[in-house]
Amino acid sequence: MKDYLEISRAADLSNLKDRLIYRLFEILPGFLSLTTLGLAFFFSWRRPIWAAVFIILFDIYWVIKIVYLLIHQIYCYRRMAGFLKTNWLKKLERYPAWRNIYHLVILPVAQESWQIVDDTLASLKNTRYPK
């Protein structure tokens, strides 16, 4: 089987079994979404109590998922704010060989306006980090 980074579609696979498995996983998210909606409508007509329980459980699941995301977003925001307050040049002084490290900045500027590129270059030029 090919490396998964070299596969962009099912036709890239030569083995029929691998191609079928790939297509199955490609179709699965859409199939599950449409099946969930279809069954919710069907059961709301045939078994309204089942549909109500399912919809309530589904809503509870999404509330838990959103709270989980919110907690992690707040945590990451606070961590980022702490990193922004850190004096990185002072921390670098503990490592004597840090001046021997050079950074290469690559800017992909395809179809960008000159104003955006100019602002980016100006901010790189005005940075406090040694050039």
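Enquirer: Provide a residue-level description of the overall build of the chain, including the pertinent values.
Expert: For the chain, the count of helices and strands is four helices and zero strands. When the helices and strands of the chain are read in sequence order from the N terminus, they spell out α-α-α-α. The C-alpha atoms of the chain give a radius of gyration of 26 Å, which is well past the 14 Å a tight globule of 131 residues would have. Across its three principal axes, the chain shows a C-alpha extent of roughly 70 × 45 × 35 Å. Residue burial in the chain is summarised as follows: out of 131 residues, 8% are buried. Of note, the chain has its 18 positive side-chain charges centred 10 Å away from the centre of its 10 negative side-chain charges.

Enquirer: Now, about the environment of Leu-92: what can you tell me, with residues and values included?
Expert: Its place among the elements puts Leu-92 in helix α3 (residues 88–92). In sequence terms Leu-92 and Leu-24 are 68 residues apart; their C-alpha atoms lie 51 Å from each other. Those residues in contact with Leu-92, other than ones at most four positions away along the chain, are Trp-98 and Tyr-129.

Enquirer: Go over the packing of aromatic side chains with me, naming the residues and quoting the values.
Expert: Enumeration over the complete set of coordinates arrives at nine aromatic pairs. Considering the side-chain rings of Phe-58 and Trp-62, the 6.3 Å spacing of their centres and the 65 degrees angle between planes classify their relative orientation as edge-to-face. Here Phe-58 and its partner Trp-62 are both found in helix α2 (residues 48–85), four residues apart, which amounts to about one turn of the helix. Its relative accessible area of 36% is what places Phe-58 among the partly exposed residues. Given the relative accessible area of 38%, Trp-62 is considered partly exposed. Put simply, the rings of Phe-42, Phe-43, Trp-45 and Trp-50 touch in pairs and so form one group of aromatic residues. Sitting over the ring of Trp-45, Arg-46 keeps its end group 5.3 Å from the ring centre. Stacked on the ring of Trp-50, the Lys or Arg Arg-47 has its end atom at 5.4 Å from the ring centre.

Enquirer: I'd like a description of the environment of Ser-123, backed by residues and values.
Expert: Mapped onto the fold, Ser-123 is located in helix α4 (residues 114–125). It is 36 Å that separates the C-alpha atoms of Ser-123 and Ile-66, two residues lying 57 residues apart in sequence. In this structure the side chain of Ser-123 is engaged in a polar contact, spanning 2.8 Å, whose partner is the backbone oxygen of Thr-120.

Enquirer: With reference to specific residues and values, describe the pattern of salt bridges.
Expert: Taken as a whole, this structure holds one salt bridge when the rule is applied. In this structure, the salt-bridge partner of Arg-23 is Glu-26, at a minimum N-O distance of 2.2 Å. With Arg-23 and Glu-26 both in helix α1 (residues 16–46), this residue pair falls three residues apart, about one helical turn.

Enquirer: Residues and numbers for the packing of α1 against α2, please.
Expert: Between α1 and α2, whose axes approach to 6 Å, the crossing angle comes to 140 degrees. It follows from the interaxial angle that α1 and α2 lie oblique. Residues Thr-36, Ala-40, Phe-43, Ser-44 and Arg-46 of α1 form the contact with α2, whose own contacting residues are Pro-48, Trp-50, Ala-51 and Phe-54. Partitioned by chemical class, the residues of the contact of α1 with α2 number six nonpolar, two polar and one charged.

The rules behind the values
- Every chain's residues receive numbers from 1 upward, in the order its sequence appears when written.
- Selection of residues for local features in this predicted model requires a pLDDT of at least 70, selection of side-chain atom pairs for listing and counting requires 80 or more, and totals for whole chains, interfaces and linings are taken over all residues.
- As a rule here, side-chain values come from all non-hydrogen atoms in the structure, and water together with hydrogens is ignored.
- What counts as a helix is a DSSP run of H or I of at least four residues, what counts as a strand is a run of E of at least two, and both are numbered from the N terminus.
- With the radius of gyration taken over C-alpha atoms, the globule rule is written as 2.2 Å times the number of residues to the power 0.38.
- Using a 1.4 Å probe on the protein chains alone, a residue whose accessible area is under 20% of its type maximum counts as buried, one over 50% counts as exposed, and one in between counts as partly exposed.
- By the counting rule applied here, Lys and Arg register as positive and Asp and Glu as negative, while His and the ends of each chain are not counted.
- Positions of charges follow a simple convention, taking NZ of Lys, CZ of Arg, CG of Asp or CD of Glu.
- Residue contacts are defined here by distance: any two heavy atoms, one from each residue, within 4.5 Å place the two residues in contact.
- Side-chain rings of Phe, Tyr and Trp, where Trp is taken by its six-membered ring, are said to pair if the distance between their centres is within 6.5 Å; with planes under 30 degrees apart they count as stacked, over 60 as edge-to-face, and otherwise as tilted.
- Note on criteria: charge over ring means Lys NZ or Arg CZ within 6 Å of the ring centre, with the direction from the centre no more than 35 degrees off the ring normal.
- Distance and chemistry together define a polar contact, namely a pair of N or O atoms within 3.5 Å, with one atom able to donate a hydrogen and the other to accept it when in protein, and with adjacent residues in sequence counting only for side-chain atoms on both sides.
- Whenever Lys or Arg places a side-chain nitrogen within 4 Å of a carboxyl oxygen from Asp or Glu, that contact is recorded as a salt bridge.
- To obtain an axis, a line is fitted to C-alpha atoms, over the contacting stretch when the element is a helix, and the angle between two such axes runs from 0 to 180 degrees between their N-to-C directions.
- Angles below 35 degrees are treated as roughly parallel, those above 145 as roughly antiparallel, those between 65 and 115 as roughly perpendicular, and all remaining angles as oblique.
- For this classification, Asp, Glu, Lys and Arg are treated as charged, while Ala, Val, Leu, Ile, Met, Phe, Trp, Tyr, Cys and Pro are nonpolar and the rest, including Gly, are polar.

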